[in-house]
Amino acid sequence: MKTTIDIHDELLARAKLHAKKTGRTLRSVVEDGIRKTLSDKQSTKRYKMSRNLTVGNPGDPNPFENLSWEDTREMIYEDWSRV
């Protein structure tokens, strides 16, 4: 099947050079790259936290709810003023 794709000039030049060095066609290099990407298990792996890192209790009020951004920032960085 024929299709048209837009590839960055530098990447295309590298792919062509790789094809030439390995005695392959550009088509086979591109197809192998697509196959590798589609079969790569790591690329589809979702991030999973190893443990629960939540803070506080679900029913407790939000201590930052009525604070402005400036006040919130000051609370977050208040210990840094001692450094």
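Higher on the page you've got the structure.
Everything in this summary refers to the structure shown in the same document. On a predicted model such as this, the values are computed, not experimentally measured, just so you know.

### Topic: the pattern of salt bridges
Part 1 of the argument: As enumerated under the stated definition, the model contains four salt bridges in all.
Part 2 of the argument: Between Arg-24 and Asp-32 there is a salt bridge, and its shortest N-O distance comes to 2.2 Å.
Part 3 of the argument: Among the salt bridges present, the one from Arg-35 reaches Glu-31, with a minimum N-O distance of 3.7 Å. Pair noted here: Arg-35 and Glu-31 are both in helix 2 (residues 26–39), with a separation of four residues, about one helical turn.
Part 4 of the argument: Via salt bridges that share partners, Arg-24, Arg-27, Glu-31, Asp-32 and Arg-35 belong to a single interconnected network.

### Describing the side chain of Thr-72
Part 1 of the argument: Within the fold, Thr-72 resides in helix 4 (residues 69–77).
Part 2 of the argument: Engagement of the side chain of Thr-72 in a polar contact is seen with the backbone oxygen of Ser-68, the distance being 2.9 Å.
Part 3 of the argument: Sequence-distant contacts of Thr-72, defined by excluding residues within four places in its chain, comprise Phe-64 and Leu-67.

Reading the values: rules and limits
- Residues numbered from 1 in each chain as written.
- Predicted model: local features only at pLDDT ≥ 70, side-chain atom pairs only at ≥ 80, totals over all residues.
- Heavy atoms only, no water.
- Salt bridge = Lys/Arg side-chain N within 4 Å of Asp/Glu carboxyl O.
- Helix = DSSP H or I, 4+ residues; strand = E, 2+ residues; numbered from the N terminus.
- Polar contact = N/O pair within 3.5 Å; in protein donor to acceptor, adjacent residues only side chain to side chain.
- Contact = heavy atoms within 4.5 Å.

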